[in-house]
Number of protein chains: 2
Amino acid sequence: MFLSNLMPVKKAQDMISSSLKNVGTEEISLEDAHRRVLSEEIVSLLNSPPFERSAMDGYAIRAEDTFGFSENNPAKLKIVDTIGAGQVSDTIIKMGEAIKIATGAPIPKGSNAVVMEEYTVADKDSLGVEMSITPGENVSPMGEDIETGDIVLKKGKILKPQDLAIIASAGYSKIEVFKKPKIGVITTGNELVMPRPDISGAEIINSNHYTFKAFVESALAVPTLIHCLDSAKKVEEEFERLLETHDGLISTGGTAISKGDVVVDVTEKIGEVLVHGVALRPGKPFGFGIAHEKPVFMLSGYPVAAMVQADVFVRNNLYKMQGIDMSPQCVSKIAYRKIPSSLGRTDYIRAKTDGSNVRPLKIKGSGIIRSMVESDSYIVIEENLEGIGEGEECNVLTYDSLTI
Amino acid sequence: MFLSNLMPVKKAQDMISSSLKNVGTEEISLEDAHRRVLSEEIVSLLNSPPFERSAMDGYAIRAEDTFGFSENNPAKLKIVDTIGAGQVSDTIIKMGEAIKIATGAPIPKGSNAVVMEEYTVADKDSLGVEMSITPGENVSPMGEDIETGDIVLKKGKILKPQDLAIIASAGYSKIEVFKKPKIGVITTGNELVMPRPDISGAEIINSNHYTFKAFVESALAVPTLIHCLDSAKKVEEEFERLLETHDGLISTGGTAISKGDVVVDVTEKIGEVLVHGVALRPGKPFGFGIAHEKPVFMLSGYPVAAMVQADVFVRNNLYKMQGIDMSPQCVSKIAYRKIPSSLGRTDYIRAKTDGSNVRPLKIKGSGIIRSMVESDSYIVIEENLEGIGEGEECNVLTYDSLTI
């Protein structure tokens, strides 16, 4: 198939993305929520802090009792109680009285300020306050952090440690999150063997098995891996079996456009193929279909082509299936050297950034895994450009920007 | 304790870091290696590809047989065999012969080039080649990607999907990685309760329980969580119990400098306290000790102070314990407004970046969790600076730069 018969990258991306939705929600313990995705707004059930509290270790007082006093002329107060962390005092402070108080403890009734321990002199139950204290000093108001009814986090938020803290403070120990998509990964190819130091004949090590388990994990989804021979019957059996219990499939191999397309034929038989062949280099032999209302991403068997296809067509959709809207943005950098390209084709060129510059790696062949290991970004050359000149600006997509 | 008695942040960081080493290595299946850290160099056991292979679907030929031929005057060859994926042919190509070959299959003996199917016309066993082919065309040399003996990855590498592909291709199904540190997290405080909508009296929700489970996970380590009352006996029991089976401890609460320092006293009793009180805001009441040759990080009970202490003193050490050298770098941004600071103290101010600018959040109090949720970075004001003027450059540490 020639370029004119291939689907433009953008069209394929839009077609795939618009055919997918999230895979539903589940309730989980807040303890297990790190890096999960909120499927609901969190509205606080509580004030936090739930009471006026002391911001310092010191003495709860009536500020008025200290007005005009100083180090040379300390206010004389009487200590009538002590409030430790986790304690409450029922004592109401009256004129001339103080209560010793720990950081975080509730301010007792009658008090409107806390004086830090450093500015006092205590002797048994008598206290000297060596400065004039402003009302409200060292008192954290109730609800200073969050108030009952506040929206503390929005739907779609990917939860960081501090987000869990605010959800807990809002009164929740369980939350609704989007389910992680369960993805069946099927590597196909009669020539593939697992890694060992003594391969022979036409055997090739199945590196895609490892790449795509990790790829699915890196997209915060849950992979199940199997290998399958290049037999339409076997592939169909495995596709049907995995689709019963998974939310989507990724296959590698069997997508070539000019030979027996085992995987694409199976998808066509059990569902519908929407994309087969894209104007992408590397990565032309990419297919996408829907079977049993679930997505089937059909990648090339060639390791690098498959990785590029996964970054271009799969990753953001695995995010979308779990409620994450992830649209990585290109940055602009200066090309160290000329990069040729063809009109009508989008190129993803493995490259290494260096400050505001970028250097395309000197590699050819979509089997060169080392190029993915040594690069940190793609130079993306859109289909309406005939390459980039030396010293010209180009669009760069860093690998770091693709993951969460 | 006043500023002059507090340890400078840099000194505390150096003291902690120099007292720690990695927690050893283990062998794991390559399948489980995503985001693990290599503890050995990977030297390839194989050539990849392991043989000269065809880069295209087409015909393996002798290039010499096509010299001078063209579309109008095609070379006439005889098809003597077919090699599919995973197959090997024993046939040796002689003058005037061709073998049909699949992408990735081994080039048969006698052949030195592959002509793409598109440039041929086949009729039963006769083949017309419509162009002159250069020797080596569409042939991927043996070892093009990696050669036996090549160092494909170095010690300390945090493994991405493509790294697993190259390790597999180098012939390994198992690898040596650094162990993940097992960290006991002890939240202390009589006032702490688990989240619920009906708290009363002096009860405070234990948000640190959630924050620090997730924090340890975010540092790729493995947390065990417990809560403990403010009792020296209880804390000592739990510290001793957890230290038997863990590589280090993180505690929250009980580190205040002016009151009963339960946690610090326990660490002093069962080990040695190296740091107590640092010139950091927020986060002054931080402690660090070594007990049974394992690190004990003692954080404040106040959520935000504890998070800042964890970012400043704990995170990079959890990385170090698993062989990762992680030194996040500040970036320079323009301050939207004046930020006061004190000489002799390092400030970590929660802030929000906006392109090349940064805006400090308007918050006070080390209990305001919302400030950590709404910010994306710290403005770091070193101890030799008396604040930053509006429009001046300042050092910014983004939260994204802290994690892997």
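The numbering scheme is per chain: residues are counted from 1 as the chain's sequence reads. Both sets of labels track the order of writing: A upward for chains, 1 upward for ligands. Two thresholds apply to this predicted model, a pLDDT of at least 70 for residue-level local features and 80 or more for giving and counting side-chain atom pairs, whereas whole-chain, interface and lining totals are computed over all residues. With hydrogens and water excluded, all non-hydrogen atoms of the structure serve as input to the side-chain values.

Draft legend 1. Expanded view of the overall build of chain A. Helix and strand counts for chain A stand at 7 helices and 26 strands. Each radius of gyration reported is based on C-alpha atoms, and the globular scaling rule is 2.2 Å times the count of residues to the power 0.38. On C-alpha atoms alone, chain A measures out to a radius of gyration of 32 Å, which is more than a quarter above the 22 Å that the 2.2 N^0.38 rule sets for 404 residues. Expressed as a percentage of contacts within chain A between residues at least 6 apart in sequence, the contacts between residues at least 24 apart total 70%. Accessible surface area values rest on a Shrake-Rupley calculation with a 1.4 Å probe, where residue burial reflects the displayed protein chains alone. Total accessible area on chain A is roughly 17000 Å²; 48% of this is exposed by carbon and sulfur atoms. Counted charges follow a simple rule, with Lys and Arg positive, Asp and Glu negative, and His plus the chain ends left uncounted. Charge positions are represented by NZ for Lys, CZ for Arg, CG for Asp and CD for Glu. Counting 43 positive and 56 negative side-chain charges, chain A places the centres of these two groups 7 Å from one another. In DSSP terms, a helix is any run of H or I states spanning at least four residues, a strand is any run of E spanning at least two, and both are numbered starting from the N terminus. Contact definition: two residues touch when any of their heavy atoms are within 4.5 Å.

Draft legend 2. Broad picture of helix α5 (residues 262-270) of chain B. Accessibility here uses a 1.4 Å probe with only protein chains present; expressed as a share of the type maximum, an area under 20% marks a residue as buried, one over 50% as exposed, and anything in between as partly exposed. Among all positions of α5 of chain B, only Val 262, Val 263, Val 264, Val 266, Thr 267 and Ile 270 of chain B are buried. Looking at the buried residues of α5 of chain B, the elements they touch are β13 (182-188), α4 (232-245), β17 (248-252), β18 (271-276), β20 (287-291) and β21 (294-299) of chain B.

Draft legend 3. Expanded view of the domain arrangement of chain A. Residue and element names in this part refer to chain A. Residue ranges labeled as domains rest on an automatic or database domain assignment. Here chain A is partitioned into domain 1 (3-23 + 180-321), domain 2 (26-48 + 146-178), domain 3 (53-140) and domain 4 (331-402). Using C-alpha coordinates to define each centre, domain 1 is positioned 24 Å away from domain 4. Domain 1 puts 18 residues into the contact, and the matching count from domain 4 is 16 residues. Accessible area that two parts lose when put together, evaluated with a 1.4 Å probe and summed over both, is termed the buried area. Summed over both sides, the interface of domain 1 with domain 4 buries roughly 1500 Å², with 63% coming from carbon and sulfur. Think of a salt bridge as a Lys or Arg side-chain nitrogen and an Asp or Glu carboxyl oxygen that are within 4 Å of each other. Between the two partners, domain 1 and domain 4, sit 1 salt bridge. The salt bridge partner of Asp 347 is Arg 281, with a shortest N-O separation of 4.0 Å. Here a polar contact is taken to be a pair of N or O atoms separated by no more than 3.5 Å, where protein atoms must pair a possible hydrogen donor with a possible acceptor and residues adjacent in sequence count only if both atoms sit in side chains. On inspection of domain 1 and its partner domain 4, the count reaches 5 residue pairs in polar contact (both at pLDDT 80 or more). Going through the elements one at a time, β19 (280-281) and α6 (303-321) are the ones with two or more residues in the side of domain 1 that touches domain 4.

Draft legend 4. Spotlight on the relation of the copies chain A and chain B. The operation relating chain A to chain B is a screw motion whose rotation component is 180 degrees, with 0.0 Å of axial translation and a residual RMSD of 0.1 Å. Put plainly, the chains are arranged around a two-fold axis. Closest to the rotation axis within chain A is the C-alpha of Ile 404 of chain A, separated from it by 4.7 Å. Residue by residue, 100% of the interface of chain A is reproduced at the interface of chain B, so both copies engage with the same surface. The copies are overlaid by a least-squares fit using only the C-alpha atoms of residues whose pLDDT is at least 70 in both copies.

Draft legend 5. Geometry of the pattern of salt bridges. For the structure shown, the criterion picks out 34 salt bridges over all chains. Here Glu 97 of chain B ties to Lys 94 of chain B by a salt bridge, and the two come within 4.0 Å at their closest N and O atoms. For Glu 97 of chain B, a relative accessible area of 15% translates into the label buried. A residue is classified by how much of its surface remains accessible, and Lys 94 of chain B, at 52% relative accessible area, is exposed. One salt-bridge network, in which partners are shared between bridges, spans Asp 32 of chain A together with Lys 213 and Glu 217 of chain B.

Draft legend 6. Quick peek at the state of the cysteines. Sulfur atoms of two cysteines make up a disulfide when they are within 2.5 Å. Inspection of the entire model under this criterion finds 0 disulfides over all chains. Between Cys 330 of chain A, a cysteine without a disulfide, and Cys 394 of chain A, which holds the nearest cysteine sulfur, the sulfur-to-sulfur distance is 9.3 Å.

Draft legend 7. Main features of the sheet that holds strand β9 (residues 126-129) of chain A. Residue and element names in this part refer to chain A. Here the rule is simple: two strands pair whenever DSSP picks up at least two bridges between them. Overall, mixed pairing links the 6 strands, which are arranged β7-β4-β6-β5-β9-β8 in an open sheet. Strands with a single pairing partner mark the edges of an open sheet, and in this sheet they are β7 (113-116) and β8 (120-123). Across the sheet, the mean angle from the axis of one strand to that of its neighbour is 35 degrees, orientation sign disregarded. Pairing between strand β5 (residues 75-83) and strand β6 (residues 97-101): 5 bridges, direction parallel. If you follow Ile 83 over to β6, its bridge partner there is Ile 101. Note on method: axes are straight lines fitted to C-alpha atoms, helices fitted across the in-contact stretch only, with angles between N-to-C directions ranging 0 to 180 degrees.

Draft legend 8. Up close: the interface of chain A and chain B. Each side of the interface is counted separately: chain A has 75 residues, and chain B has 75 residues. When the two sides are added together, the surface that chain A and chain B hide from each other amounts to roughly 6100 Å², 62% of it contributed by carbon and sulfur. Between the two partners, chain A and chain B, sit 4 salt bridges. Measuring nitrogen to oxygen at the nearest pair gives 4.0 Å for the salt bridge that ties Arg 370 of chain A to Asp 145 of chain B. Linking chain A to chain B there are 15 residue pairs in polar contact (both at pLDDT 80 or more). Per-element tally for the side of chain A that touches chain B: the top contributor is helix α3 (residues 207-218) of chain A, with 9 residues. Looking at side-chain class alone, the side of chain A that touches chain B contains 37 nonpolar, 18 polar and 20 charged residues. Polar here means any residue other than Ala, Val, Leu, Ile, Met, Phe, Trp, Tyr, Cys and Pro, which are nonpolar, and Asp, Glu, Lys and Arg, which are charged; Gly is therefore polar.

Draft legend 9. The arrangement of the sheet that holds β21 of chain B in detail. Residue and element names in this part refer to chain B. If you trace the 6 strands from one edge of the open sheet to the other, you get β16-β13-β17-β21-β20-β18, paired in mixed fashion. The outermost strands of the open sheet, each flanked by one partner alone, are β16 (222-228) and β18. Strand-to-strand, the axes of this sheet are offset by a mean angle of 20 degrees, without reference to chain direction. Pairing of β20 with β21, which is carried by 5 bridges, proceeds in the antiparallel orientation. The partner of Ile 290 across the bridge, within β21, is Pro 295.

Draft legend 10. Quick look at unusual backbone geometry. Note the cis peptide between Ser 48 of chain A and Pro 49 of chain A, where omega equals -5 degrees. Within the element layout of this structure, Pro 49 of chain A appears in the loop between β2 (42-43) and β3 (53-54). Here the phi dihedral of His 292 of chain B falls at roughly 50 degrees; this positive angle occurs in a residue that is not glycine. Residue position: His 292 of chain B is located in the loop between β20 and β21.

Draft legend 11. Representation of the nonpolar core. Here, nonpolar core means buried Ala, Val, Leu, Ile, Met, Phe, Trp, Tyr and Cys residues that are tied together by side-chain atoms lying within 4.5 Å of each other. Of all hydrophobic cores here, the largest spans 72 residues; its most connected members are Ile 175 of chain A together with Phe 313 of chain B. Filtering out sequence-adjacent residues up to four positions away, Ile 175 of chain A remains in contact with Glu 26, Glu 27, Ile 28, Leu 30, Ala 33, Leu 38, Glu 40, Ile 42, Leu 159 and Ile 167 of chain A. Membership of the second largest hydrophobic core comes to 69 residues, among which are Leu 299, Ala 306, Val 380 and Leu 402 of chain A.

Draft legend 12. Molecular detail of the packing of aromatic side chains. Residues and elements named next belong to chain A. Pairing of aromatic rings covers Phe, Tyr and Trp, the last through its six-membered ring, and needs centres within 6.5 Å; plane angles under 30 degrees mean stacked, over 60 mean edge-to-face, and all others mean tilted. This structure, assessed with the given rule, holds 10 aromatic pairs over all chains. Aromatic pair Phe 212 and Phe 215: ring centres 5.8 Å apart, planes at 65 degrees, arrangement edge-to-face. Residue Phe 212 and its partner Phe 215 are both found in helix α3; the two are separated by 3 residues, about one turn of the helix. When sorted by exposure, Phe 212 lands in the same class as Phe 215, which is buried. Put simply, the rings of Tyr 348, Tyr 378 and Tyr 399 pair up and form one aromatic cluster. Sitting above the plane of the Tyr 336 ring, Arg 359 keeps its charged end 4.0 Å from the centroid. Either the NZ atom of lysine or the CZ atom of arginine qualifies as a charge over a ring when it sits within 6 Å of the ring centre and within 35 degrees of the ring normal.

Draft legend 13. Layout of helix α2 (residues 161-169) of chain A. The element α2 of chain A is largely enclosed, with a buried count of 9 among its 9 residues. Immediately downstream of α2 of chain A, the backbone of Gly 171 of chain A shows phi near 105 degrees, a positive value.

Draft legend 14. Structural context of the packing of α2 of chain A against helix α3 (residues 207-218) of chain B. One way to put it is that α2 of chain A packs onto α3 of chain B with a least axis distance of 8 Å and a crossing angle of 165 degrees. The angle between the axes of α2 of chain A and α3 of chain B places the two elements in the roughly antiparallel class. The interaxial crossing formed by α2 of chain A with α3 of chain B has right-handed handedness. Note on element contacts: α3 of chain B touches α2 of chain A through Ser 207, Tyr 210, Thr 211, Ala 214, Phe 215 and Ser 218 of chain B, opposite Pro 161, Leu 164, Ala 165, Ala 168 and Ser 169 of chain A. The residue makeup of the contact of α2 of chain A with α3 of chain B, split by class, is 7 nonpolar, 4 polar and no charged. Each angle receives one of four descriptions, namely roughly parallel if under 35 degrees, roughly antiparallel if over 145, roughly perpendicular if within 65 to 115, and oblique otherwise. In this scheme, a crossing is called left-handed if the near helix is turned counterclockwise away from the far one by less than a right angle; it is called right-handed if the turn is clockwise.

Draft legend 15. Inspection of the environment of Ala 102 of chain B at higher detail. Residue and element names in this part refer to chain B. Structurally, Ala 102 is set in the loop between β6 (97-101) and β7 (113-116). Ala 102 sits in the buried class, given a relative accessible area of 9%. Expressed as a C-alpha distance, the spacing of Ala 102 and Ala 85, which sit 17 residues apart in the sequence, is 5.8 Å.

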